[in-house]
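These are the residues of each chain, in order.
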Amino acid sequence: MHANSAAENALATLGTVCWSGQLLPQIWKSWRDKSTDGLSPFLVLLWGLAGLPLGAYNIIQRLSIPLICQPQLFAFLSLFAWGQVCTDYSDVICLSKLQNSLQCLYYGKNKSALAAALIAASVMLIIGGLEAGIVFAIRPSMNQPAIFFLGVLTSVMIAGGLIPQYWEIFKRREVIGISVPFIVIDWLGAIFALVSLLLRPKFDIMAGVAYSLVIVMDGVIILAAMILNPLARKRRSPELEERLDSMQTVVEVCKEHK
C-alpha cells in the first residue's frame, strides 16, 4: 500500500476507539451475572501487563498518536476486568434445596471489592511508572535490541494470555464467561490497527506481528463460539429435561411421605 498519513491516523483512531471500549461488554457481563466463571483471569491479567511493553514500544517507535494511546486504554480496562475476577461476590444462587438436587453457584475469589480495586490500581500505577522509565531509558539511544525485545515480549504476552482461555473453552466445550462482543470488538480494533501500519511510510514489523496475533487468536474464539455454543445449547436441552424430571420425582416422593 502507498503511504497515506490521513488514512493511517483515521484507521488507527478507529482501532483505538475499539480498544478503548472493547472490554466494556466484558465488564458489564461480569457485573450483571455476578460471575466470571469461564473467563480466564490469566487472559485479562496478561493483556493488562502487555500494555507495558506495547505502550513503551509504540512511544519509542513514534507510531501515530492513536496507536500510542491505544495500549494505555487497553491495559487499564484489562486490569479493571482482572480486578472483577478477584472480587468476592457473596451472592449465592440456589437452584433447588431438594436432596440430590442442591446446586449452588458461588461467585468470585477470595478478595473483597475494595481489596481487588486496590490491587488492580497498584498494578496500574506500577505499570505506568515502569513504562515511563523504559521510554526515558531507551528512547535517547534507540537501543535496537531493547526495542526488539519489547516487540517480542508484547507478542508473547498477548498470545500467552489467550492460551488459558482456550483451555477454559476446551474444558467447557463452549464459550462462556468471556463476552463474545468483547472479542469481536477487540478483533476489529486489531484489524484497523494493522491496516493503519500498512499505510505508514515504513511498516513496523513487530507491531504488525502483535496485532496479527490478536486477529488470528481472537478469530479462533469467535469461530469456537459460532460452532460450540449452538451445540452446547442442544446438549443442555435433554440434560435440563432430565434434571427437571428428577426434581419432580423427588417432590412427589416427599409428598407421599408427608
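Every value quoted in this text rests on a predicted model; they were computed, and no experiment measured them.

Chemist: So what exactly am I meant to see when it comes to the overall build of the chain here?
Modeler: In terms of helices and strands, the chain carries 8 helices and 2 strands. When its helices and strands are written in sequence order, the chain yields α-α-α-α-β-β-α-α-α-α. Looking at the 258 residues of the chain, the share that counts as buried comes to 42%. Here the contacts in the chain between residues at least 6 apart in sequence split such that 83% fall between residues at least 24 apart. Summed over all atoms, the accessible surface of the chain reaches about 13800 Å², with 69% contributed by carbon and sulfur.

Chemist: Explanation requested: the packing of aromatic side chains in the structure shown.
Modeler: The final tally for this structure, using the stated rule, is 3 aromatic pairs. Ring geometry for Trp47 against Phe74: centres 5.5 Å apart, planes inclined by 45°, an arrangement best described as tilted. Of this pair, Trp47 sits in helix α3 (residues 41-60) while Phe74 sits in helix α4 (residues 65-86), and the two are 27 residues apart along the sequence. Like Phe74, Trp47 is buried. Overall, Trp47 belongs to the buried group, its relative accessible area being 2%. Pairwise contacts between aromatic rings join Trp47, Phe74 and Phe182 into one cluster.

Chemist: What is the right way to read helix α1 (residues 5-21) from this model?
Modeler: Count 3.6 residues to each turn of an α-helix, and residues three or four apart come out pointing the same way. With 17 residues, α1 should reach 24 Å at 1.5 Å per residue; the first-to-last C-alpha distance of 24 Å fits that figure. Along α1, the positions that sit buried rather than exposed are Glu8, Leu11, Ala12, Gly15, Thr16, Cys18, Trp19 and Gly21.

Chemist: What is the right way to look at the side chain of Ser196 in this model?
Modeler: Mapped onto the secondary structure, Ser196 falls in helix α7 (residues 180-198). When neighbours within four sequence positions are excluded, Ser196 is seen to be in contact with Glu8, Leu11, Ala12 and Leu67.

Cut-offs used in this document
Residues numbered from 1 in each chain as written. Predicted model: local features only at pLDDT ≥ 70, side-chain atom pairs only at ≥ 80, totals over all residues. Heavy atoms only, no water. Helix = DSSP H or I, 4+ residues; strand = E, 2+ residues; numbered from the N terminus. Buried < 20%, exposed > 50% of the residue type's maximum accessible area, 1.4 Å probe, protein only. Contact = heavy atoms within 4.5 Å. Areas by Shrake-Rupley, 256 points an atom, 1.4 Å probe, with all protein chains shown as cover. Phe/Tyr/Trp six-rings, centres within 6.5 Å; stacked < 30°, edge-to-face > 60°. Expected span 1.5 Å × (residues − 1).

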